[in-house]
Each structure stands twice: as C-alpha cells, then as structure tokens.
Amino acid sequence: MNAPAPTQLLRRAERQQALVDCLTPLLPAGGLLWTPEDTTPYECDGLTAYRQRPLAVALPETEAQVQAVLRACHALQVPVVARGAGTGLSGGAMPHAEGLTLSLARFNRILSIDPVSRTARVQCGVRNLAISEAAAPVGLYYAPDPSSQIACTIGGNVAENSGGVHCLKYGLTLHNVLKVRGFTVEGEPIEFGAEALDAPGYDLLAVVVGSEGMLAVTTEVTVKLVPKPQLARCIMASFDDVRKAGDAVAAVIAAGIIPAGLEMMDKPMTAAVENFVHAGYDLSAEAILLCESDGTAEEVEEEIARMSEVLRSAGATAIAVSRDEAERLRFWSGRKNAFPASGRMSPDYMCMDSTIPRKRLADILLAIAEMEKKYGLRCANVFHAGDGNLHPLILFDANDPDQLHRCELFGADILETSVAMGGTVTGEHGVGVEKLNSMCVQFSPEEREQMLGVKRAFDGLGLLNPGKVIPTLNRCAEYGKMLVRGGQIAHPDLPRF
C-alpha cells in the first residue's frame, strides 16, 4: 500500500483534532485516547489478520456519556464502531480509519439478579461467565457459553448472537435474552423486547440480536437464567472414520435425544488440545464426539444409556463416560481450549464459522481435507456438531502475503461449499469484514438491498459500524471478477453478485 500524501495526513490530523476537541469535554479524564500508542491495542479484534487504527477511542462510564458521544459524532458525521472485549473472530469490531471506536468495557456492573423471575439485568460490558458466577448462589446460571466466555461480554454476545457448546439444548443468545436497552446513532434511547413474555409492536429484539452493532449501541441487557441441573455427565466417543462420526451425530438426534451438548473434533484438533490441556482424548481416533446429558440423576442415567447405545450402533470404537464432575470438566477442557491450542501449532489461524445440515458433516470434512491439498495449508476442525455449526481453523503465517491470500481463498471455499450443501456463511461469529465477499455468494442483490433497507431505517447516514456485514454492489461485482480470473467458481448454481 502506498503511503498517504502529506496533504492527506494533514486532513486526517485536522479531522482527528476536531473530534478530540469535541469529545474531550464529554468524557472523564483518561476517557479519550487518540495517540498511536494508545489506539494500537484497539486496531483489531480476535481476527488479527486485518488491522486499522481509528481516529480516537472513547471510554465512557455512564449512559449519559454514551448518549453525548453519539450525538456529537452524528453531528460531525463521524463513523462509530462499538467494541466490547474484542474477542470477536470476524473483524466486527475492527475500527474505521475515519471513525471513533466506542469502547464499552467500563459498563461492567451486574445490576440485579432476580431468582423469582429467573432473570439478570446486566450492563453490556459484563463478562458472559460473570453472570453465571453471580447467579450461582441462588442455583441459577446463564446457559449460552461461548468458548471465550471467560472474557467475552454480553454486549458482544448480543451483537453476534453467540452460542456455545450447550446451545443445542438451551439455545443461542437470542433465545436467552428478554430485553436490550441502548441508543440509536442519533443518541436517542431505545429498547428492544420486554421482561414480559411478549412486547408490543414488531419483534425488533430478533432484529437487533445478531445485527453486529449496525443498528444501535447496546448498553444494558436483561437475560434469562435457568436452574443448574442436579447432575451432568459427558460421553467421549471415538471413531475410526469421520463419516461414521458425522452419521452418529445425525443418529443421536434422529433417536429423539437432545443432548445438553454435542461436539465433534477431528484428529488434528484432538492432538493439538490433548498436548495443551491433557484432557485424556483418544489420539488414535479420526474423530471424537463429546455428548453431554444433564438433569436429574434418573434422567441422566437413562439418556447416557440411550446415547451410548446409539453411538455404538453408529460405529464408535471406544466410549468413556465421565465418572465425576472433575472428569466431565476435563473432557470439556479440550473443547473449550481448541482455539488457544491451535495457536501453538501455527503463527496465525483463521477460524471460519459456517453452518450446514447435520447429515452433511462428513461431506464437509472430506471436502475440507481436499481443500488442504488445493491451497497447501493445514486445517484443524472443531464443530458444534449438534446444530451443524462448523469451526475449521486454517493455519497460516500472516507475515507471508501469499499464505494470507491462500488462507482467504481457502476460507471462502469452505463458506461457499457450506452454502452449496444447504447451509449458511455464519452460525455465531458474524459476518464482520471476514465474510463480506461470501455474502455476495449466498445472497442476491435484491436480498442484500432488503438488508440495507433495515440498516437505513435505523441509521440513515450509515455511521454505525460502516463497511461491515452487507457488501456493496461494486464489491460483489469485483469479487465475482476475481473468482472468474482465478478459476475459483466451484458452485455456479448459487446466487451471485
């Protein structure tokens, strides 16, 4: 990339100074960052392949300060990117070069736990796991449990509609949130949903959850809490063939069993996490399944027996059942640490996120194995197998431009193949900047225009998280030309550009 001309730098410096002068009186001391050394930590989220520094970073402490900042940015027509803990994996919180990053990390208070209504009211910066820790004394917990739950925030979970290993039984963020409060881009207060069973008017809660910070800025969330089960046990089943493991997932669901969790890891991923946490995984297996049952002791005993029978019939070569809580947690420790374990195998990795019908699990794994040869890169696979949500981790070195390019093509191929198999380009990580091109593949221009219509209804100037999620017609046209030039079109029957 060519360095900007001095006049361009001057104009950016002038815009930055105008923003700093406007926002400084609105925020507490230390609540506005703008020097390169202060804004560099905010230049990316968990997708580190793409980076960009903003004009400034605001760290408000009150809703009044958030409102004032949004009103000021709207008046100046400065883009705003809301940010939580920065654990997202699709570049959804990557800053805008001419905009403000609005960090909500200081909104970290749990406002109330109501054991009677089984709800918690929390600020957007509260960590996912902190909700369950606060509700534990009254025998309740918050069910969605992303692998990053020790760090990720509830506001970020709302933005991405996050899931986790127990989402098969207990649902995604959308199914566990009652109300979202925040502000529009103009700084007007807004609420979605209600603490009652239903809210008047359109069901806008379902619109804002998963909207990736494009419609409003969330400051407070009311979530559902569920009773902690009396008992939970986990099966670890080994398979000598990935197709058998994939078919076993479909067989469990077909038997009328809805496990609390149903996860799958292939051999490379199993080896990586076993070396990292020593969970006791079968390193000879081509794939392993983790199948959890929870409830009363009687319910768990019956369900474990039924699942074990189904897994054996599907070709499991070995079955181990957790004998106590410590062993159950050890089984899950590998799955929960899949991403950090992968970081030990390669300088960088790109974690993809697509969803396919459960019956196609083996097909996509075999297809990914062929793509490894095609692009000359390794890939380790971990799945929310019960609902068909894939997380292939493509291993590469971001310092090598050619490897980064091949990684991008590899990822796009996985997403496009998922769509061709009847799936979609994202399950819980969001589109962000990572999957913009793949949106051109899955959705027609007319469908993307409808999405933009929703965006314009909330944000007519396009200032909230611009350049994310919904690709422009020009971008899709250029992507189509690139695929034609590179001979990458593998599924010509899909909607295009």
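Up top is the structure.
Residues numbered from 1 in each chain as written. Predicted model: local features only at pLDDT ≥ 70, side-chain atom pairs only at ≥ 80, totals over all residues. Heavy atoms only, no water.

Another point: the layout of surface pockets. In this structure, the largest pocket occupies an estimated 930 Å³ of space. What lines the largest pocket is a set of 49 residues, and nearest its centre among them are T87, G88, S148, C152 and E160. Of all elements in the fold, only β3 (80–83), α5 (154–160), β10 (217–224), α12 (325–336) and α13 (338–342) reach the threshold of two or more residues within the lining of the largest pocket. Here the lining of the largest pocket takes six residues from α5, the largest share from any one element. (1 Å grid on protein atoms, 1.4 Å probe; cavity = no way out; pocket = protein on both sides within 12 Å on 5 of 7 lines; lining within 4 Å. Points joined across faces, edges and corners; volume = space filled by probe spheres on them. Helix = DSSP H or I, 4+ residues; strand = E, 2+ residues; numbered from the N terminus.)

Another point: the nonpolar core. Formed by 80 residues in total, the largest nonpolar core has its most connected members in I131, V223, L289, L311 and F410. With sequence-adjacent residues up to four places away left out, V223 is seen in contact with R118, T119, A120, I131, Y142, I154, N176, V177 and L178. Of all hydrophobic cores here, the second largest spans 25 residues; its members include V20, A56, V66 and L464. (Core = buried A, V, L, I, M, F, W, Y, C linked by side-chain atoms within 4.5 Å. Buried < 20%, exposed > 50% of the residue type's maximum accessible area, 1.4 Å probe, protein only. Contact = heavy atoms within 4.5 Å.)

Okay, the sheet that holds strand β4 (residues 100–103) next. Strand pairs in the sheet, formed through backbone hydrogen bonds, run parallel or antiparallel to each other. In space, the four strands of this open sheet follow the order β1-β2-β4-β3, with mixed pairing throughout. Taken across any chain shown, the strands that pair with only one partner, and hence form the sheet edges, are β1 (32–33) and β3. Relative to strand β2 (residues 56–58), β1 runs antiparallel, the two being bridged by two bridges. Its bridge partner being in β2, L33 is matched across the sheet by V57. With respect to the sheet, helix α3 (residues 63–76) is in contact with β3 and β4, its orientation differing from that of β4 by roughly 170°. (Pairing = 2+ DSSP bridges. Axes fitted to C-alpha atoms, helices over the stretch in contact; angles between N-to-C directions.)

As a further point, take the packing of helix α14 (residues 361–375) against helix α15 (residues 401–420). Across the interface, α14 lies against α15 with an axial gap of 10 Å and an inter-helix angle of 155°. When the axis of α14 is compared with that of α15, the two are roughly antiparallel. In this structure, α14 crosses over α15, and the sense of that crossing is right-handed. Side by side, α14 and α15 meet where I364, A367, I368, M371, E372, K374 and Y375 of the first sit next to R406, L409, F410, D413, I414, T417 and S418 of the second. (Parallel < 35°, antiparallel > 145°, perpendicular 65-115°, else oblique. Left-handed = near helix turned anticlockwise from the far one by under 90°.)

Taken as a whole, this structure holds 29 salt bridges when the rule is applied. Residue E195 is joined to K179 by a salt bridge in which the shortest nitrogen-to-oxygen separation is 3.8 Å. Note that E195 is positioned in the loop between β9 (189–193) and α8 (205–208) and K179 in strand β8 (residues 177–183), a separation of 16 residues in sequence. Here K179 falls in the buried class, since its relative accessible area comes to 14%. For R323, the salt bridge identified is with E327, shortest N-O distance 3.0 Å. Taking relative accessible area as the criterion, R323 reaches 69% and is therefore assigned exposed. On the accessibility criterion, E327 (8% relative accessible area) is buried. Via salt bridges that share partners, E63, R121, R181, E191 and E220 belong to a single interconnected network. (Salt bridge = Lys/Arg side-chain N within 4 Å of Asp/Glu carboxyl O.)

This paragraph deals with the packing of aromatic side chains. With the rule as written, the count across this model stands at four aromatic pairs. With centroids separated by 6.4 Å and ring planes inclined at 75°, the aromatic side chains of Y141 and Y170 adopt a geometry described as edge-to-face. Here Y141, found in strand β7 (residues 140–141), pairs with Y170, found in helix α6 (residues 167–170); they are 29 residues apart in sequence, far enough to count as distant. (Phe/Tyr/Trp six-rings, centres within 6.5 Å; stacked < 30°, edge-to-face > 60°.)

Before going further, it helps to spend a moment on helix α4 (residues 128–135). When α4 is considered as a whole, its buried residues turn out to be N128, A130, I131, S132 and A135. Contacts from the buried residues of α4 go to β5 (110–114), β6 (119–123), β7, α5 and β10.

Okay, the packing of helix α9 (residues 242–254) against helix α11 (residues 297–313) next. Running from amino to carboxyl end, α9 crosses α11 at an angle of 140°, the nearest separation of the two axes being 9 Å. As the angle between them shows, α9 and α11 are arranged oblique. α11 is crossed by α9, and the crossing has right-handed handedness. Of the residues in α11, those touching α9 at A248, A251 and V252 are M307, V310 and L311.

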